[in-house]
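Here is how the chains run, residue by residue.
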Amino acid sequence: MPQLDEIGIYLRGVWMLVLGKPEGFDWLDLSASGVWRSFAAILWCLPAMAVSWSAWRMFYLANMPDGSTAGLAFIAKLFIVDVATWILPILLIVLLARPLGYGQALGAIIVVTNWLSIPTFYGMAFPAAIRLVVPGSEGLTGMLSLIALVAIIIAIFRVLKVITGGDQTLLAATLSALFILPSLMIGEMLQRSFGLLPA
């Protein structure tokens, strides 16, 4: 598992790509082993995920009848949802690499978006943390969540534009949609299937 100093190097590279600087690639491990190691980002995201799960559990119980419970099974289902919304869009990106002609950039796409997930999850966990400790902050946290979501979409598009060569705006937009839209759709479908939405 990559250590904290190594994560810092990778995140610096990702930030440079967000800024549109191809030099960011020099800070990333784009080898085959680097692709697999980038999935360790999931482990580094667990604390942020836990904050979001706690906030969702609180929201769920607040909107359910008295006596409703949401124990470890509830948290386990939330974990499955988060992992599925992470992995399944990547599988879709892999499957479409040859038809859409970005096969050579596939490794970089996976590495960069995996490491980008760390600031993404922590950015989304910040409003959730406020919701946990500040009663009645739904309006504020809703606005912060929307701002974070917009920032994430912009960051994904910008790194994908650099990865695809800087002049492939349509391809970068298509890849961004393939990451974002299936993730949202899968997340909602699984939440409904698992009974994670208040009745």
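Nothing here was measured: the structure is a model prediction, and the numbers come from that model.

**Some words on the overall build of the protein chain**
Within the protein chain, the secondary structure is distributed over eight helices and zero strands. Helices and strands appear in the protein chain in the N-to-C order α-α-α-α-α-α-α-α. Principal-axis analysis of the C-alpha atoms places the extent of the protein chain at approximately 55 × 35 × 30 Å. Counting the 199 residues in the protein chain, one finds 41% classified as buried. When the accessible surface of the protein chain is split by element, carbon and sulfur atoms take 70% of a total near 10700 Å².

**Some thoughts on the packing of helix α1 (residues 4–18) against helix α6 (residues 106–133)**
At a closest axis distance of 9 Å, the pairing of α1 and α6 adopts a crossing angle of 100°. Taken together, the axes of α1 and α6 lie roughly perpendicular to each other. Only V112, W115, L116, I118 and P119 of α6 make contact with α1, whose side of the interface consists of I7, Y10, L11, V14 and L17. Residues that form the contact of α1 with α6 fall into these classes: 10 nonpolar, no polar and no charged.

The rules we used
Residues numbered from 1 in each chain as written. Predicted model: local features only at pLDDT ≥ 70, side-chain atom pairs only at ≥ 80, totals over all residues. Heavy atoms only, no water. Helix = DSSP H or I, 4+ residues; strand = E, 2+ residues; numbered from the N terminus. Buried < 20%, exposed > 50% of the residue type's maximum accessible area, 1.4 Å probe, protein only. Areas by Shrake-Rupley, 256 points an atom, 1.4 Å probe, with all protein chains shown as cover. Axes fitted to C-alpha atoms, helices over the stretch in contact; angles between N-to-C directions. Parallel < 35°, antiparallel > 145°, perpendicular 65-115°, else oblique. Contact = heavy atoms within 4.5 Å. Nonpolar A, V, L, I, M, F, W, Y, C, P; charged D, E, K, R; others polar.

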